[in-house]
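Per-entry structural report
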Amino acid sequence: MVASLDHAREALRATFGFDDFRGRQAKVIERTLAGHSSLAVMPTGAGKSLTYQLPATMLQGCCIVISPLIALMHDQLRSARANGIRAATLTSADADWRETQDAYRAGELDLLYVAPERASQPAFRDFLASSPIALFAVDEAHCVSEWGHDFRPDYRMLRPLMDAFPEVPRLALTATADRQTRGDVLAQLGIPEDGLVLAGFDRPNIRYAIRHRDNPVRQIANLMAERPGPGIVYAQTRRKVEDLADKLARETGRKVLPYHAGLDPETRAANQAAFVASEDMVIVATVAFGMGIDKPDVRFVAHVGVPKSIEAYYQETGRAGRDGDPSAATMYWGAGDFATARSRLAEVDEDRRSAERARLDALAGLVETPQCRRAVLLRHFGEDPPETCGNCDNCLDAPAVTEVTELARKLLSA
Ligand code: ADP
Ligand code: MG
């Protein structure tokens, strides 16, 4: 019997205990079960793992998952096993290679996680051929593209490996892929263009605003008053982080702590722990802060200065309001910020410089646009949003057309 979406929904309940699919998970799973290859572009937290883990339990054969980090693989392994999925990893950190290989050959695995450098080894290809493969899943697939922000040369070896098994469907997954990276990932991994499944980037509870910086301490103190509760302030340098944290604490009387790579590890860990546990603390940090922190009730994310790309902006602002409650993402920028950022490009490797410059230009477009911020942001990620969102500074502050004409009339008649 051909596996269908109805069966997938039953398996979703039975294996994961979830009532229904989220966002476009169903679409990706339907394609995979039908034997089609896809590139799934969905934001962090959307539930990309499930789109290969579930088919892995339904299809005949083992799903081979390529993942760039051993720590990531072991996290996934734990959660898959907790759901009763037969999973294993083959990494340099594993001692049970022989057992894993035997289990694979015996067809007793649903999921096998491997690092991309395995892919280039001929012996590995022969090993894979020893048992049926259900699916190739390529996690963090932007690593295959030099346009992506995290290029890994080993990912280029995945295509020849997968081409050796042409009948096996491929599923590439990533959270961050601008148009160029997406096209590149599709081409590099041999996935047809109509295999792109992309959606779910909108965070409707976040109010976006991008304002000129005049007095950042005053401006952020006001933001803190408007949005009581935990907040993150991103600043560009360690010195600015320290300075802002001090001044904000004095100005507001609230608990405000710094976080940057120059602090000793104990202080850094303590400040982070205090923030995660707190209901009203503000942390001033460099971009080093936030990776892997899951705090749902962050009420605002502020940027003092400009991030390095729209992708970085989206990721950093996305730490606000994960609980779905109203939250703010406010950037305070100055005219010199882009000049400084562009001058820093001189230090970037020549082969990456034009891509970095293009990213900065795209960000400048978002900062300078008079249009709906959300629409510009979502279009950047390939979505097709409405013209206005009603929840960003440009939608909220824009003078209504009638007001403008009224003003023009007055000026002309004066
Ligand atoms: P991603 O890789 O896209 O960042 P994950 O695969 O790590 O996201 O999933 C994020 C979280 O969402 C996990 O805790 C996962 O169990 C949960 N999740 C995934 N799909 C569903 C669903 N259909 N219903 C409820 N929770 C889900
Ligand atoms: Mg993931």
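Going by the structure above, here's the rest.
An account of the accompanying structure is given in this report. Since the structure is predicted, the reported quantities are computational estimates derived from the model, not experimental observations.

**A few points about the sheet that holds strand β4 (residues 111–114)**
The seven strands are arranged β3-β4-β2-β5-β6-β1-β7 in an open sheet whose pairing can be described as parallel. Of all the strands in the sheet, the pair left with one neighbour each is β3 (87–90) and β7 (196–198). Between one strand axis and the next, the sheet turns through 20° on average, direction left out of account. Sheet topology places strand β1 (residues 38–41) next to strand β6 (residues 170–174); four bridges connect them, and they run parallel. Along β6, the bridge assignment pairs Ala 40 with Leu 173. Each of β1, β2 (62–66), β4, β5 (133–138) and β6 touches helix α3 (residues 48–58); the most contacted strand, β5, lies at about 170° to it.

**Section: the site of ligand 1**
If you check the shell around ligand 1, you find Phe 18, Phe 21, Arg 22, Gln 25, Met 42, Thr 44, Gly 45, Ala 46, Gly 47, Lys 48, Ser 49 and Leu 50 and nothing else. Here the shell around ligand 1 takes three residues from α3, the largest share from any one element. Partitioned by chemical class, the residues of the shell around ligand 1 number five nonpolar, five polar and two charged.

**Here's the deal with unusual backbone geometry**
Trans peptide bonds make up the majority, and among non-glycine residues the majority have a negative phi. Positive phi, normally seen in glycine, also occurs at Glu 140, with a value near 50°. Positionally, Glu 140 belongs in the loop between β5 and α7 (158–163). Judged by local crowding, Glu 140 falls into the buried class, with 22 C-beta atoms found within 10 Å.

**Points about the packing of helix α14 (residues 350–368) against helix α15 (residues 373–380)**
α15 packs onto α14 with a crossing angle of 155° between their chain directions and a minimal axis gap of 9 Å. Here α15 runs roughly antiparallel to α14, going by the angle between their axes. Between α14 and α15 lies a crossing of right-handed hand. Within the contact between the two elements, α14 uses Ala 362, Gly 365 and Leu 366 and α15 uses Arg 373, Val 376, Leu 377 and His 380. Looking at side-chain class alone, the contact of α14 with α15 contains four nonpolar, two polar and one charged residues.

**Some words on the packing of helix α9 (residues 216–226) against helix α10 (residues 238–252)**
In the contact formed by α9 and α10, the axes pass within 10 Å of each other and the chain directions differ by 55°. On the basis of their axis angle, the class for α9 and α10 is oblique. For the pair α9 and α10, the crossing hand works out as right-handed. Taking contact as the criterion, the partners of Pro 216, Val 217, Ile 220, Ala 221 and Met 224 in α9 are, on α10, Leu 244, Lys 247, Leu 248, Glu 251 and Thr 252.

**Digging into the sheet that holds strand β9 (residues 231–234)**
Read across the open sheet, the six strands follow the order β8-β13-β12-β9-β11-β10; overall the sheet is parallel. Looking at which strands have only one partner, the edges of the open sheet turn out to be β8 (206–212) and β10 (256–259). Adjacent strand axes in the sheet meet at a mean angle of 15°, parallel and antiparallel pairs treated alike.

The rules behind these values
- Residues numbered from 1 in each chain as written.
- Chains lettered and ligands numbered in written order.
- Predicted model: local features only at pLDDT ≥ 70, side-chain atom pairs only at ≥ 80, totals over all residues.
- Pairing = 2+ DSSP bridges.
- Helix = DSSP H or I, 4+ residues; strand = E, 2+ residues; numbered from the N terminus.
- Axes fitted to C-alpha atoms, helices over the stretch in contact; angles between N-to-C directions.
- Contact = placed C-beta atoms within 7 Å.
- Near = placed C-beta within 6 Å.
- Nonpolar A, V, L, I, M, F, W, Y, C, P; charged D, E, K, R; others polar.
- Buried ≥ 20, exposed ≤ 12 C-beta atoms within 10 Å, placed from the backbone.
- Parallel < 35°, antiparallel > 145°, perpendicular 65-115°, else oblique.
- Left-handed = near helix turned anticlockwise from the far one by under 90°.

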